Amino acid sequence: MLQKVFYIFIKIAVLFLLGLNVRRKELLPDTGPAIIVANHNSHLDTMVLMALMPLDRLKDIKPVAAADYFFSTPKMEWISEHVLGIIPVERSGAKKSVDPLQGCYGALEQNKVLILFPEGSRGEPEKMIDLKKGVSYIAERFPDVPVVPVFTHGLGKALPRGSWLLVPFFCDIFVGDAFNWTGDRASFMITLQERFQTLSKEKNFASWE
Amino acid sequence: MTSFHWAIAGIWGLLIVASIIVFTISKRSAKDVSELVQRTQSWWVMIGIFTVAFLVNPVISIIVFGLISFLALKEYFSMIPTRRADRRVLLWAYLSIPIQYFWVYDSYYGMFAVFIPVYMFLFLPFASLISQQTDGFLKSVGTLNWGLMLCVFSISHAAFLITLPPVTDGGAGGPGLLLFLVFLTQFNDVAQYTWGKMFGRHKIIPGVSPNKTWEGFLGGVGTTFVLAVLTAPLVTPFSLAHAAAIGLIIPVAGFVGDVTVSALKRDLGVKDTGSLIPGHGGILDRIDSLTFTAAIFFHFTRFFFY
């Protein structure tokens, strides 16, 4: 309920302040199990991907995010869990006895849709960095679950890391074809990397210095 | 019904006839005409929005033009190279939109005419230098100012028309002038496109816009001229001479606005300025001609009648 109300506001803000140019929205899965893999430039990434989903599907869409950031204080923890529906992942691997991806496995078993940002950090806006391999462990364990690459551009310009000032920009969301587990982790990561490459070349983006 | 209402009814009549023609073509033609159909559907939406704005209240029209400026400026900022250091400056530029349209609402001509070209153009470079990043400063200032000029200052002239009182008793006044400007500008776009598609042979400015032809340009100018002379008595205080002059100025200025935005797009290597209006591209693709015709038409009218 709270989540729905929150995302109604987000949907309006995204529509009016940003404005999205979504290519192939029909390829975006709203029923699980499925894994959406996106590049990461801004806190808006999650908001926008969630805003593209139908309201009554939101409870089954689970963004995966860093426990050290989103679960750092009790307040943040409550918002992350109840409003954003985040699955926490330990980035530092503090508790070695537990698989940090356990939460992701559990969610996929319950037919949820995961939203993963394998860059691991928003980093420099509008620049992609090497992908973390966590996603390949998940795909290996669930070889039949479709992996959908999504490339976004502009959100890092609208709200980059280190700023709370939202500046309106039109943003591009390019959804790619789903693919499955490729047989081994190295080739899976290469395939994922290539999918992002292809999507990012669909348009000449304005430079951002 | 006043003549103003008849004019709006006439536009709907044209739209319906055009839609029937497009529908017939789409049924008979073997070629893919989905873009043409999309374009026509978008015209229904756009003309619908304008009709409601015109008939309800001038304030609604002013707000609609303010929103058009916002969307156009957002499109412009999204497609040009920008600097991260200028994020705040872009926000200031956006903020000039409600202020500029407030002067319109207030009919405060003196401030309306200078706010952007004097105050904003002086303030934005200052706002930009505060970040102390001088790399790309000149380019940044130039591009931001031109964006405000095209998307906000020019377009706000169209909105200012609606605040003008009738020249004669019972005249259509501001709303009539605005309707005349927007209708002729947009009709001219369609006319130049259609003439060009049907008879276009000789390229007019191939380095900028390879699809534009002399046949399209001259056909459009001729059609718009005839239409201007025929419709001016309905909604404007123009005499035959005024109508004839503006019937030439609008199509020529519209063409220049169109190719100016084309040159910009070509420089940036993009086909459309956006994807907001299905079949047309972005909002700047739709109002490119208006960025030139609005200010010129406004001052033509002001010079002779206000």
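One structure accompanies this document, and this report is about it.

### Brief notes about the interface of chain B and chain A
Across the boundary between the two partners, chain B contributes 22 residues, which contact 23 residues of chain A. For the pair chain B and chain A, the interface holds 13 residue pairs in polar contact (both at pLDDT 80 or more). Elements that contribute at least two residues to the side of chain B that touches chain A include exactly helix 3 (58–79) and helix 4 (87–105) of chain B. Among the elements that take part in the side of chain B that touches chain A, helix 3 of chain B stands out by supplying 8 residues, more than any other.

### Concerning the pattern of salt bridges
Taken as a whole, this structure holds 12 salt bridges over all chains when the rule is applied. Between Arg185 of chain A and Glu140 of chain A there is a salt bridge; the shortest N-O distance is 2.9 Å. Here Arg185 of chain A is found in helix 8 (residues 185–200), whereas its partner Glu140 of chain A is found in helix 6 (residues 134–141), with 45 residues between them in sequence. Since its relative accessible area comes to 35%, Glu140 of chain A is described here as partly exposed. In this structure, Asp272 of chain B engages Lys271 of chain B in a salt bridge whose closest nitrogen and oxygen atoms are separated by 3.5 Å. Residue classification places Asp272 of chain B among the partly exposed positions, given a relative accessible area of 31%. When its relative accessible area of 65% is taken as the criterion, Lys271 of chain B is described as exposed. Here the salt bridges do not stand alone but share partners, grouping Arg23, Arg24 and Glu202 of chain A into one network.

### Concerning helix 9 (residues 240–268) of chain B
In this model helix 9 of chain B runs 42 Å from its N-terminal to its C-terminal C-alpha over 29 residues, within 8% of the 42 Å that 1.5 Å per residue would give. A positive phi of about 75 degrees marks Gly269 of chain B, the residue just after helix 9 of chain B.

### Some remarks on a nonpolar patch on the surface
On the surface, Phe16 and Leu17 of chain A together with Val59, Ile63, Leu67, Phe102 and Tyr105 of chain B cluster together into a nonpolar patch covering about 620 Å² of accessible area. Those elements that place two or more of their residues in the nonpolar patch are helix 1 (2–18) of chain A together with helix 3 and helix 4 of chain B. A total of 3 residues in the nonpolar patch trace back to one element, the largest contributor, which is helix 3 of chain B. Relative to the helices and strands, Val59 of chain B resides in helix 3.

So, how was this worked out
Residues numbered from 1 in each chain as written. Chains lettered and ligands numbered in written order. Predicted model: local features only at pLDDT ≥ 70, side-chain atom pairs only at ≥ 80, totals over all residues. Heavy atoms only, no water. Contact = heavy atoms within 4.5 Å. Polar contact = N/O pair within 3.5 Å; in protein donor to acceptor, adjacent residues only side chain to side chain. Helix = DSSP H or I, 4+ residues; strand = E, 2+ residues; numbered from the N terminus. Salt bridge = Lys/Arg side-chain N within 4 Å of Asp/Glu carboxyl O. Buried < 20%, exposed > 50% of the residue type's maximum accessible area, 1.4 Å probe, protein only. Expected span 1.5 Å × (residues − 1). Patch = residues over 30% accessible without salt bridge, like charges linked within 9 Å, V, L, I, M, F, W, Y side chains within 5 Å. Areas by Shrake-Rupley, 256 points an atom, 1.4 Å probe, with all protein chains shown as cover.

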